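Residue strings, one per chain:
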Amino acid sequence: MNVDETVTSGSLVAAAPLAALAGLVSFLSPCVLPLVPGYLSYVTGMTGADLAEQRRGRLLSGVLLFVAGFSVVFVSYGVAFGGLGRWLLEYQDQITRVLGVVTIVFGLAFMGLIPGLQRTMKSGRLPSAGLAGAPLLGALFALGWTPCIGPTLGAVQSLAISEASATRGALLSLAYCVGLGVPFVVTAVAYRRALGAFGAVKRHYPLVMRIGGGMLVLIGVLLVSGLWGELNIELKSWISGFEPVL
């Protein structure tokens, strides 16, 4: 399969937006959103007052390096899980259904119905503050916060296994990183306005968690029931019949 077929395959077209949405849900979760100002301060080496003064150049540079750091780790996950799915291709249907059940559990955990899966692991050592340490902090964020954002990340990796391709797994993880990273970039560009929006999200955390968890449960149900495969077949048929107008 060539690159064009990989990117426009029905399964990837369906899964990539869900992966990006999962990244956004991770950003809005209680274990990430309240810490965003701290991340921004650390990756730029600036105080809160400096951030409020909209020193956008340094702020944006630090955030992009931070996003690059966690993207390298998460895309590596995608390659590994996608490759594993290719190796287990013979049993893909059964594995997909099992992963659907796991994803449903992740969704229930995200809604707070399984508190034991909402733990956060933190490293005792942090890289130096400032731009030089920003990518290292991004990698540390990916490794240390995995138990906290595990429900959404786990759902994406379940989809990566069902794709049975290291390349597609990497693309799905990249979509997740876009959903998680773009809000960081937007915050860097419009810091004051973003803080106001964060306050509104915090006031509605129960609703945010229910919506995010519900999305994961829905993905799990689609995987368990086999509807995910049927949706992919329909998308492939639609894509193959599409002819661009020149």
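Residues numbered from 1 in each chain as written. Predicted model: local features only at pLDDT ≥ 70, side-chain atom pairs only at ≥ 80, totals over all residues. Heavy atoms only, no water.

The name given to the chain in an unreviewed UniProt entry is Cytochrome c biogenesis protein CcdA, with Actinomadura montaniterrae as the source organism.

Colleague: What am I meant to see in the nonpolar core here?
Modeller: As a rule of thumb, nonpolar side chains are buried together in soluble globular proteins. Phe-70 and Phe-184 are the most contacted members of the largest nonpolar core, which has 50 residues in total. Within the residue set of this core, elements represented by two or more residues are helix H2 (10-28), helix H3 (36-44), helix H5 (56-87), helix H7 (134-144), helix H8 (146-163), helix H9 (166-189), helix H10 (191-203) and helix H11 (205-225). Ignoring any residue separated from it by four or fewer positions in sequence, one finds Phe-70 in contact with Gly-138, Ala-139, Phe-141, Ala-142, Cys-177, Leu-180, Gly-181 and Phe-184. (Core = buried A, V, L, I, M, F, W, Y, C linked by side-chain atoms within 4.5 Å. Buried < 20%, exposed > 50% of the residue type's maximum accessible area, 1.4 Å probe, protein only. Helix = DSSP H or I, 4+ residues; strand = E, 2+ residues; numbered from the N terminus. Contact = heavy atoms within 4.5 Å.)

Colleague: Is there a simple way to think about the confidence of the model for the chain in this case?
Modeller: The predicted coordinates of low-pLDDT regions are not to be read in fine detail. Confidence along the chain averages 74 in pLDDT terms, with 72% of residues attaining 70 or more. By mean pLDDT, the top-scoring element of the chain is H9 (89), and the lowest-scoring one is helix H1 (residues 3-8) (42). The low-confidence segment residues 1-10, where pLDDT is below 50, has 17 contacts with residues more than four positions distant or belonging to other chains. Below a pLDDT of 50 lies the segment residues 242-246, which in the model reaches zero contacts outside its immediate sequence neighbourhood of four places, other chains included. (pLDDT = per-residue confidence, 0-100.)

Colleague: Please explain the UniProt feature "transmembrane region" (unreviewed entry) in the chain as it appears in this structure.
Modeller: With numbering matched to this structure, UniProt assigns "transmembrane region" (unreviewed entry) to residues 12-42, 63-89, 95-117, 129-153, 173-195 and 207-228. The span residues 12-42 carries 77% helix and 0% strand; its end-to-end C-alpha distance comes to 35 Å. Taken end to end, residues 173-195 comprises 96% helix and 0% strand; its first and last C-alpha atoms sit 27 Å apart. (UniProt positions renumbered as here; feature names shortened; annotations may be inferred.)

Colleague: Would you explain the packing of aromatic side chains in this entry?
Modeller: Aromatic ring pairs are defined here through the distance separating the ring centres and the angle between the ring planes. Counting across every chain of the model gives ten aromatic pairs. Arranged with centres 5.6 Å apart and planes meeting at 55 degrees, the rings of Phe-66 and Phe-141 form a pair that is tilted. Highlighted residues: Phe-66 in helix H5 and Phe-141 in helix H7, separated in sequence by 75 residues. The residues Phe-66 and Phe-141 share a single accessibility class, namely buried. Look at Phe-66 and you get buried, because its relative accessible area is 2%. (Phe/Tyr/Trp six-rings, centres within 6.5 Å; stacked < 30°, edge-to-face > 60°.)

Colleague: Just to check I follow, could you spell out the packing of H9 against H10 for this structure?
Modeller: How two helices pack is summed up by the angle between their axes together with the distance between the axes. Two elements in contact, H9 and H10, have axes whose closest approach is 5 Å; the angle formed by their N-to-C orientations is 125 degrees. For the element pair H9 / H10, the angle class is oblique. Facing Thr-187, Ala-188 and Val-189 of H9, the residues of H10 in contact are Tyr-191, Ala-194 and Phe-198. Classifying every residue of the contact of H9 with H10 gives five nonpolar, one polar and no charged. (Axes fitted to C-alpha atoms, helices over the stretch in contact; angles between N-to-C directions. Parallel < 35°, antiparallel > 145°, perpendicular 65-115°, else oblique. Nonpolar A, V, L, I, M, F, W, Y, C, P; charged D, E, K, R; others polar.)

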